[in-house]
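Next come the chains, spelled out residue by residue.
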Amino acid sequence: MADGRRAQAERAARDAGLPIAVQRFLGRAAEGAARRFTVTYRGPGDGRTVLVQRPPERRIDVVGGVTTSSLLRLRRGSFSCRQGTAGWECDRQAAGTSAAGPDPDLGVFSPAQINDTVVALAAARTGYRFEVKAQRLAGTTATCLVTTKADAAGPPDELCIADEGAVLRVRTSTRTLEATAYKADVDPAALRLPAQPR
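Please read all numbers here as calculations on a predicted model, not as lab measurements. (Residues numbered from 1 in each chain as written. Predicted model: local features only at pLDDT ≥ 70, side-chain atom pairs only at ≥ 80, totals over all residues. Heavy atoms only, no water.)

Asks: Is there a simple way to explain unusual backbone geometry in this structure?
Replies: In most cases, non-glycine residues show a negative phi, while peptide bonds are predominantly trans. With omega at 5°, the peptide bond leading from P55 into P56 counts as cis. Phi is positive for A138, which is not a glycine, with a value near 50°.

Asks: Hey, could you run me through the pattern of salt bridges in this one?
Replies: Here the idea is simple: oppositely charged side chains can pair when their charged atoms come close. Counting across every chain of the model gives twelve salt bridges. A salt bridge links E158 to R169, with the shortest nitrogen-to-oxygen separation between them at 3.3 Å. Taken together, the residues E158 in strand β9 (residues 157–161) and R169 in strand β10 (residues 167–171) connect sequence positions eleven residues apart. The pair E158 / R169 is uniform in exposure class, with both members buried. Counted as one network, the salt bridges with shared partners bring together R6, E10, E31 and R35. (Salt bridge = Lys/Arg side-chain N within 4 Å of Asp/Glu carboxyl O. Helix = DSSP H or I, 4+ residues; strand = E, 2+ residues; numbered from the N terminus. Buried < 20%, exposed > 50% of the residue type's maximum accessible area, 1.4 Å probe, protein only.)

Asks: Looking at this model, I keep getting lost on the pairing of strand β3 (residues 57–64). Mind explaining?
Replies: As a general feature of sheets, a regular strand has side chains that alternate between the two faces. By the criterion of burial, β3 is predominantly enclosed, with six of the eight residues buried. As judged from the seven bridges shared by strand β2 (residues 48–54) and β3, these two strands associate in the antiparallel manner. In the strand pairing of β3, T49 is matched with V62. The antiparallel pairing of β2 with β3 creates a hairpin that spans two residues between the two strands. With seven bridges connecting them, β3 and strand β4 (residues 67–74) associate as antiparallel partners. Residue V62 lies in a different strand from β4, and its bridge partner there is S69. In this antiparallel pair of consecutive strands, β3 and β4, the connection spans two residues, and G65 shows a positive phi of 60°. (Pairing = 2+ DSSP bridges.)

Asks: Just to check I follow, could you spell out the side chain of T38 for this structure?
Replies: Inspection of the secondary structure assignment puts T38 in strand β1 (residues 37–42). T38 gets classed as buried once you look at its relative accessible area, which sits at 13%. In terms of polar contacts, T38 uses its side chain to reach the backbone carbonyl oxygen of D185, at 2.7 Å. When near neighbours in sequence (up to four residues on either side) are disregarded, T38 contacts V50, L51, V52, A181, Y182, K183, D185 and V186. (Polar contact = N/O pair within 3.5 Å; in protein donor to acceptor, adjacent residues only side chain to side chain. Contact = heavy atoms within 4.5 Å.)

No statement about biological role is implied by the geometric values presented.
Have a look at this one:
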């Protein structure tokens, strides 16, 4: 499954005329939807956001102060949970509805997102320079795609991923997302409901 995603993304990037290094980067990013990992991101505010993924299961916790809001997509369904001073409460989400809570696609490239990225990069290739480089982030070696305007106006945009395709950093003029911790593994307990659904 991961190999198929990678090949599809690389083919789309190649057909769009993007450089080979960018093709490989996008292929690795596409693999993220089929890999297991745990990433902790800074924010919102003074809090943190934790993404746990073991396909097809995923959990996102948004932690702030004494409360945690969670969205879990498990084999038995989707659930939104909240932990406050009185403990955990969980609700089952109806099929086909989106849960009120954290973004369920945080840090993961779906095929649609990869396609959108390819289209955007292809449209920008004459006005931007692309560079793919390695750097240390969140305790691991990340691969970063840096896009800089050809006229050097404004800071570069940056997208960094781990070997498994997990997003570790996004920096644009409108958004910043940065991982503070990463591991290519999952605690099985994180993918269990913290309370029985009401």
